[in-house]
Amino acid sequence: MELTVKLETFEGPLDLLLHLLEKNKVSIYDIPIVEITNQYMEYIHEMERQDLDIMSEFMVMAAMLIDIKAKMLLPKKTDGEEEEEDPRAELVQQLLEYKLYKSISYELKDRQMDADRMMYKEPTIPKEVAQYVPPVNMDELLAGLTLSKLNSIFEAVMKRQEDKIDPVRSKFGRIEKEEVSLEEKVSVLENYAARHKNFSFRGLLEQKSSRVQVIVTFLAVLELMKTGKIEIFQEQPFDDIRITSKIAAD
């Protein structure tokens, strides 16, 4: 089944997934992960010439879909064993939140357009009245205030500040943008393949230090496969993928 789409149509991977679910007329709560993943990967192939920064977001989601697909293919738990959580649960939650925010954005946009047609009267309050500030009686304001009450107020304020901190995201480090050139990665991989005629795909990815490095290495492998410089094979399902080089050593 072919799927022809344009990147400009979608604002991100979740937007594309919602489109596929609506196109296939399926429920978010019961995603046919195999079919949706296949259609999503067809779209990824259409993106090979797109900007790397944009494509990386879709590649991360593709990896998530493939991981869910693999878990769905595993044998189900037998009687007596603890029931496992549906592998699609996290994806479903993300789609529901994205759909909610997208609906709200449309609502706000409609209100903004309606606001352009509203007329209002400029305020006519005299400047002297607008600038008037009533005097403050400090004795009345601080009446009954003690150090104990000040301490209680301080603790309440600090508690509210702590409640605003996400216990998970607050532990994340600073994300630095890493510039990675696909052309350079292809050249490096060609030299590596010339020296190693047979090597592990997993081992190749494990040598990379960041998510962007892994994604660009994966794209470089696809590029060399397309040009016929390497071949990949897998003896058994779930076995490690092996790469065979056809590049002659210098």
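An account of the accompanying structure is given in this report. By convention here, each chain's residues receive numbers from 1 onward along its written sequence. For a predicted model such as this one, the threshold for reporting local features is a pLDDT of at least 70, and the threshold for listing and counting side-chain atom pairs is 80 or more; totals across whole chains, interfaces and linings nevertheless cover every residue. Only hydrogens and water are set aside when side-chain values are computed; all heavy atoms of the structure are taken into account.

### Details of the overall build of the protein
Okay, so step 1: Here a helix means four or more residues in a row that DSSP labels H or I, a strand means two or more in a row labelled E, and each is numbered from the N terminus. Looking only at helices and strands, the protein features 10 helices and three strands.
Okay, so step 2: The buried share among the 250 residues of the protein stands at 25%.
Okay, so step 3: For the protein, restricting intrachain contacts to residue pairs at least 6 apart in sequence, the fraction spanning at least 24 positions comes to 63%.
Okay, so step 4: When the accessible area of the protein is evaluated, it comes to approximately 19400 Å², of which 55% is carbon and sulfur surface. Working definition: with a 1.4 Å probe on protein chains only, accessible area under 20% of the residue-type maximum means buried, over 50% means exposed, and in between means partly exposed. In this analysis, two residues are considered to be in contact whenever any of their non-hydrogen atoms come within 4.5 Å of each other. Here, Shrake-Rupley sampling with a 1.4 Å probe gives the accessible areas, and only protein chains in the shown set may cover a residue.

### Let's talk about helix α2 (residues 33-46)
Helical periodicity: at 3.6 residues per turn, an α-helix aligns residues three or four positions apart in one direction.
Okay, so step 1: The length a helix should cover is 1.5 Å for every residue beyond the first. Taking 1.5 Å of rise per residue, 14 residues should cover 20 Å, and α2 covers 20 Å from first to last C-alpha, within 8% of that figure.
Okay, so step 2: Every buried residue of α2 is accounted for by Ile33, Ile36, Thr37, Gln39, Tyr40, Met41, Tyr43 and Ile44.

### Here's the deal with the environment of Val180
Okay, so step 1: The residue Val180 is located in the loop between α7 (147-163) and α8 (182-195) in this model.
Okay, so step 2: The class for Val180 is buried, based on a relative accessible area of 14%.
Okay, so step 3: Residues Val180 and Thr217, 37 residues apart in the sequence, show an inter-C-alpha distance of 9.7 Å.

### A look at the packing of helix α1 (residues 13-24) against helix α4 (residues 89-115)
Okay, so step 1: Running from N to C, α1 and α4 cross one another at 95 degrees; their axes reach a closest spacing of 10 Å. Taken together, α1 and α4 sit at an angle that is classed as roughly perpendicular. Residues Leu14, Asp15, Leu17, Leu18 and Leu21 of α1 lie in contact with α4, whose contacting residues are Leu91, Gln94, Leu95, Tyr98, Lys99 and Lys102.
Okay, so step 2: Amino acids outside the nonpolar list (Ala, Val, Leu, Ile, Met, Phe, Trp, Tyr, Cys, Pro) and the charged list (Asp, Glu, Lys, Arg) are all regarded as polar, and Gly is one of them. Of the residues contributing to the contact of α1 with α4, the split by class is seven nonpolar, one polar and three charged. Axis definition: a line fit to C-alpha positions, over the contact stretch in the case of helices; interaxial angles, taken between N-to-C directions, run 0 to 180 degrees. An angle below 35 degrees is read as roughly parallel, one above 145 as roughly antiparallel, one from 65 to 115 as roughly perpendicular, and any other as oblique.

### Some details on unusual backbone geometry
Okay, so step 1: In this model, Lys25 sits at a positive phi of 55 degrees, which is unusual for a non-glycine residue.
Okay, so step 2: Position of Lys25 relative to the elements: it lies in the loop between α1 and α2.
Okay, so step 3: Since its relative accessible area comes to 77%, Lys25 is described here as exposed.

### Digging into the pattern of salt bridges
Okay, so step 1: Salt bridges are counted wherever a side-chain nitrogen of Lys or Arg sits within 4 Å of a carboxyl oxygen of Asp or Glu. Per the counting criterion, the structure on display carries seven salt bridges.
Okay, so step 2: Linking Asp30 and Arg88 is a salt bridge whose minimum nitrogen-to-oxygen distance equals 3.2 Å. Of this pair, Asp30 sits in the loop between α1 and α2 while Arg88 sits in the loop between α3 (52-73) and α4, and the two are 58 residues apart along the sequence.
Okay, so step 3: Overall, the relative accessible area of 12% leaves Arg88 in the buried class.

### Considering the packing of aromatic side chains
Okay, so step 1: Only rings of Phe, Tyr and Trp enter the pairing, Trp through its six-membered ring, and a pair is recorded when the two centres are within 6.5 Å. The plane angle decides the type: under 30 degrees is stacked, over 60 is edge-to-face, the rest tilted. For the structure shown, the criterion picks out one aromatic pair.
Okay, so step 2: Ring plane angle 85 degrees and centroid distance 5.1 Å describe the contact between Tyr192 and Phe199, whose orientation is recorded as edge-to-face. Across the pair, Phe199 and Tyr192 agree in class, each one buried.

### A short note on the sheet that holds strand β3 (residues 242-245)
Okay, so step 1: The pairing criterion is simple: DSSP has to find at least two bridges between the two strands. The strand order β1-β3-β2 describes an open sheet built from three strands, whose pairing is antiparallel. The two strands at the open ends of the sheet, each matched to only one other strand, are β1 (198-200) and β2 (230-233). The average angle at which neighbouring strand axes cross in this sheet is 25 degrees, direction not considered.
Okay, so step 2: Across four bridges, the pairing between β2 and β3 is antiparallel. Residue pairing for β3: Ile230 is matched across the bridge by Ser245.

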